[in-house]
Amino acid sequence: MGAITRNRLFLIGPLLAILLMAAGGCGSNPNVEGAKLDLRNKDYARALENVNKALESEPDNPEALFLKGDVLSEMLPDVLDKRERADYIYAMVGAYRRGLELDPAWPTQVTRRLYGVYLTEFNSGIDTYNQAEQLPGQARVDAFAEAARHFRSATVIFPDSGDAYLNEAAAYFGAGLMGDAIDAYESALSVGLTDREIYIYLAKTYELLAEDWAEDDDRSDHYRKMAATLELGLDQHPDDRELRAMLLNAYVFADQAGQALNFYARELPSEGENKVFLYNYGTLMLQEADYDGAIAMLSRAVSLDSAYVNARFNLGAAYINKAVDIDADYRAVDDSITTQRGQLPAFRISRMEARMRELQQHRRGLFEDAIEHLEMARMLIERQQNLGEVTDVCRALYRAYAQINEGERAEALTQCATSQSGP
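Not measured: the values here are computed from a predicted model. (Residues numbered from 1 in each chain as written. Predicted model: local features only at pLDDT ≥ 70, side-chain atom pairs only at ≥ 80, totals over all residues. Heavy atoms only, no water.)

### Concerning the environment of Gly-69
Thought 1: Examined against the element boundaries, Gly-69 turns out to sit in helix α3 (residues 62-75).
Thought 2: With 25 residues separating them in the primary sequence, Gly-69 and Gly-94 have C-alpha atoms 8.1 Å apart.
Thought 3: Once you skip the residues sitting within four places of it in the chain, Gly-69 turns out to touch Met-92, Ala-95 and Tyr-96. (Helix = DSSP H or I, 4+ residues; strand = E, 2+ residues; numbered from the N terminus. Contact = heavy atoms within 4.5 Å.)

Listed below in structure tokens is the structure:
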């Protein structure tokens, strides 16, 4: 994203020799012949004037189009203004491509010429980027923007150059132009490139924009674009674990829990022995108040690793939350008995009281299950202090013991539950 691609750099050699195309197909044109002579004499301005006159009368003359590309490429070293240089490159590429459409017999020569200019632009971008890193203030911004223009010119020459797009975006990052960086990544995708790095860096760019954005609606929109980008990336790289992990986070950031849960459900058959996957799946279910689902996934994670502290803690939390729901049902039945005792027949009251006992027993069992896992989490933390803080575990234990009327055990946890750090 912000780091320039250096693994496929090329060293610049001498500018390739002029490729003078032999006349063919359209007959001799005096302006073409004049332009050839001007080019040999290095009178590039006159050569360009002559070849343009030839194209005014014969716009589909491939010899003139190839010659125009050669003239423009020879003029490039003397074009110092960067924006003007980009215009020359666009014109050069346009002439060559149109010539190849009309007469595809010249691809080797044209490719060699384009490759030489591509190398110049790509390596100039590298050099300018490196210089920009050493500059302060606005000079730094301007130099990064100049580097980006070099890389953009390289993509104009060879639109399938993934490195050039990645480097262009990195340069825009250096200039603080994240919107332009996004445009560079999207341009790469629009021409059919599918490098995994493009999806990853584009997604991270949307994430950065979301983190720095003040408005909630805009932030959510960036996270949704992040998720959409990663979905496309996974279509191209279905086995990429980094893309998968980023997508799941993006769903959470974008408040797209439904999509995340669907994604987990699809992946479960192949990830059923992955404890981290099961932990994340169960934790999301816990956040979405699907306590039965959370208990199922987190229990599987714990069965794979009995010392998985985070899974133990969240499993205990899932049992507590489910017990709280049961407690709400218990209180609802109790309230009904209180308000309707004089109106209901005795057998109805008896059934309701039996239901209360059933709920009370179920609730106690859930709290006891929670205690089992929370005590194990506490023991592991105290044994291996690098695993995390114990305070939250003690608070959850305090609550669970209090709910089953284990007052002494709850009281013994008071200091641990109110401390700011673990033991």
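Once the structure has been displayed, the description carries forward.
### A short note on unusual backbone geometry
Thought 1: Even without being glycine, Lys-42 reaches a positive phi, approximately 60°.
Thought 2: Tracing the chain through its elements places Lys-42 in the loop between α1 (30-40) and α2 (44-57).
Thought 3: Even without glycine at this site, Asp-255 takes up a positive phi of about 55°.
Thought 4: When you line up the elements, Asp-255 lands in the loop between α11 (241-253) and α12 (257-271).
Thought 5: Among the residues examined, Asp-255 registers a relative accessible area of 67% and is labelled exposed. (Buried < 20%, exposed > 50% of the residue type's maximum accessible area, 1.4 Å probe, protein only.)

### A short note on the pattern of salt bridges
Thought 1: For the structure shown, the criterion picks out 25 salt bridges.
Thought 2: A salt bridge links Lys-275 to Asp-305; the nearest nitrogen and oxygen atoms lie 2.6 Å apart. Taken together, the residues span a long stretch of sequence, with Lys-275 in helix α13 (residues 275-287) and Asp-305 in the loop between α14 (291-304) and α15 (309-340) at a distance of 30 residues.
Thought 3: Judged by relative accessible area, which is 21%, Asp-305 ranks as partly exposed.
Thought 4: Put simply, Arg-241, Arg-244, Glu-267 and Glu-271 are held in one network by salt bridges that share partners. (Salt bridge = Lys/Arg side-chain N within 4 Å of Asp/Glu carboxyl O.)

### Some details on the packing of helix α5 (residues 107-132) against helix α7 (residues 162-174)
Thought 1: Relative orientation of the contacting elements α5 and α7 amounts to 30°, with a least axis distance of 11 Å. Considering the angle they form, α5 stands roughly parallel to α7. When you trace α5 past α7, the crossing you get is left-handed. Together, Tyr-118, Phe-122, Ile-126 and Tyr-129 of α5 and Asp-163, Ala-164, Asn-167, Ala-170 and Ala-171 of α7 make up the contact between the two elements.
Thought 2: Its residues assigned to classes, the contact of α5 with α7 comprises seven nonpolar, one polar and one charged. (Axes fitted to C-alpha atoms, helices over the stretch in contact; angles between N-to-C directions. Parallel < 35°, antiparallel > 145°, perpendicular 65-115°, else oblique. Left-handed = near helix turned anticlockwise from the far one by under 90°. Nonpolar A, V, L, I, M, F, W, Y, C, P; charged D, E, K, R; others polar.)

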